[in-house]
Amino acid sequence: MTIAGLYKYFVQTLKKSNTTLCLVLIMAVLPLQALQAQVKTQLQLAARPTSLLATWANHPEILNYIIMFQGGAAGGSLTIKIKATFKDGTGNVIGTSDLNFLPNRVITAGTTVLQSRDVVLLQTIHFTGSALKALNTTGRMPAGSYQLSLQLLDAQTLAPVSEETTRPFTLLSYQLPVLMLPQNEAVLAAEQARVAITFRWTPLAPAPSQERISYMLQVFEIQPGQTPVQALRSNQPLLNKQVTGTTQYIWQPQLYMADSAANRKFIWTVQTLYEGGYGFNNGAGDGRSEPFWFEIKSAKEILDSRKQ
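Below is a short write-up of the structure.

About the criteria used
- Residues numbered from 1 in each chain as written.
- Predicted model: local features only at pLDDT ≥ 70, side-chain atom pairs only at ≥ 80, totals over all residues.
- Heavy atoms only, no water.
- Helix = DSSP H or I, 4+ residues; strand = E, 2+ residues; numbered from the N terminus.
- Contact = heavy atoms within 4.5 Å.
- Areas by Shrake-Rupley, 256 points an atom, 1.4 Å probe, with all protein chains shown as cover.
- Pairing = 2+ DSSP bridges.
- Axes fitted to C-alpha atoms, helices over the stretch in contact; angles between N-to-C directions.
- Buried < 20%, exposed > 50% of the residue type's maximum accessible area, 1.4 Å probe, protein only.
- Polar contact = N/O pair within 3.5 Å; in protein donor to acceptor, adjacent residues only side chain to side chain.
- Core = buried A, V, L, I, M, F, W, Y, C linked by side-chain atoms within 4.5 Å.

This brings us to the overall build of the protein. When helices and strands are tallied, the protein shows seven helices and 18 strands. Of the contacts made within the protein by residues no fewer than 6 positions apart, 72% connect residues no fewer than 24 positions apart. By element, 52% of the accessible surface of the protein is carried by carbon and sulfur atoms, the whole surface being about 16500 Å².

What follows is the structure, encoded as structure tokens:
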């Protein structure tokens, strides 16, 4: 309830009940109203921050919370808590600070600029619904439109000492890379494959502005009697190469492909990793793209199959 709302409530109560008690309550509200006049806040928030909330603290460009405090009767300093509230696009609360766990912060007269690491303390925020489920399973908020509200509270009384400042933001949905080469079910000539196999894929889209990403290229051999998916799930990768700054890698298997007469089948995929080395989870899976499989045959076998 705003100060104006509290004042109106107390005036209405004054007409119905004990006059002395209501006067005391009104007198308690007036100093708070005067304090709010001394505290002004501004919230600057990136329009499209990363959905990985845990990394907001590492990116000062995402959030700036500016507190302008005149000092005055408060003696030049003020002990406060900063309450953070996440809302969905329609204004429904999906996460808010637990005031019992919020640390106290002392602000002094003048202008104080705080960043995400100072005001969005994830360990103190209780999320609900789909946001809680997504954060627990993927570490990310679901794609969509949201609002973030910040407000200063008196550390002792928990009464608001500033207006609530709210800014909207949008979390994008990402398209994991799509594999390109070798194409799915491609047949490669062993004589060339033993020298080099070129793997190519599309980049993560759109390109994240606050996250550094890399790609883990993985190649598994499909053993006799296995399906491609079984090989992907149970076998150790023959190639496990982290690639940064490009969407292509040339594998030189060397002696492994020396026997050009041997038929071999492989399945490959690309796992998108964000900073820290964890899979870029977009709501399901672990950041792995839809896999492709290919096989290697000798040039003679390829030629014979074309004649049939």
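What follows covers the sheet that holds strand E6 (residues 110-115). Each strand in a sheet pairs with its neighbour through backbone hydrogen bonds, running either in the same direction (parallel) or in the opposite one (antiparallel). Taken together, the three strands give an open sheet; going across it, the order is E1-E2-E6, and neighbouring strands pair in antiparallel fashion. Edge positions in the open sheet fall to strand E1 (39-45) and E6, since each of these has one partner strand only. Sheet twist, expressed as the mean angle between neighbouring strand axes with direction ignored, is 15°. Judged from the six bridges that link them, strand E2 (residues 63-69) and E6 form a sheet pairing that is antiparallel. When the bridges of E6 are listed, tyrosine 65 appears paired with leucine 114.

Bringing the sheet that holds strand E10 (residues 179-181) into the picture now. Taken in spatial order, the three strands of this open sheet run E10-E12-E15, and their pairing is antiparallel. Of all strands in the sheet, those with a lone pairing partner are E10 and strand E15 (248-251), marking the two edges. Along the sheet, successive strands turn relative to each other by an average axial angle of 25°, direction set aside.

On to unusual backbone geometry. Proline 182 follows leucine 181 through a cis peptide bond whose omega is -10°. Tracing the backbone through its elements, the reader meets proline 182 in the loop between E10 and strand E11 (186-189). The omega torsion of the bond from alanine 205 to proline 206 falls at -10°, within 30 degrees of zero and hence cis. As for its position among the elements, proline 206 is in the loop between strand E12 (197-201) and strand E13 (213-222). A positive phi is found at leucine 158, a non-glycine position, where the angle reads about 65°. Along the chain, leucine 158 falls in the loop between strand E8 (144-154) and strand E9 (165-171). Taking the relative accessible area as the measure of exposure, leucine 158 reaches 32% and is therefore partly exposed. The backbone of glutamate 185 sits at a positive phi, close to 65°, despite the residue not being glycine.

One can find arginine 140 in the loop between helix H4 (129-138) and E8. Arginine 140 gets classed as buried once you look at its relative accessible area, which sits at 3%. A polar contact of 3.0 Å, which involves the side chain of arginine 140, links it to the side chain of serine 51. Within the structure, arginine 140 has its side chain in polar contact with the side chain of glutamate 211 (distance 3.0 Å).

Take the nonpolar core next. Core analysis: the largest hydrophobic core is formed by 31 residues, its most contacted members being Trp56, Leu63, Tyr65, Phe86, Met141, Leu148 and Leu152. Contributions of two or more residues to this core are made by E1, E2, strand E3 (77-88), strand E7 (125-127), E8 and E9. Tallying contributions element by element places E3 first for this core, with five residues. Residues contacting tyrosine 65, with those up to four places away along its chain left out, are Thr41, Gln42, Leu43, Ile82, Thr112, Val113, Leu114, Val119, Leu150, Gln151, Leu152 and Ser162. Counting residues in each nonpolar core, the second largest holds 26 residues, with Ala193, Tyr215, Val243 and Phe294 among its members.

Coordinates in, geometry out; function isn't part of it.
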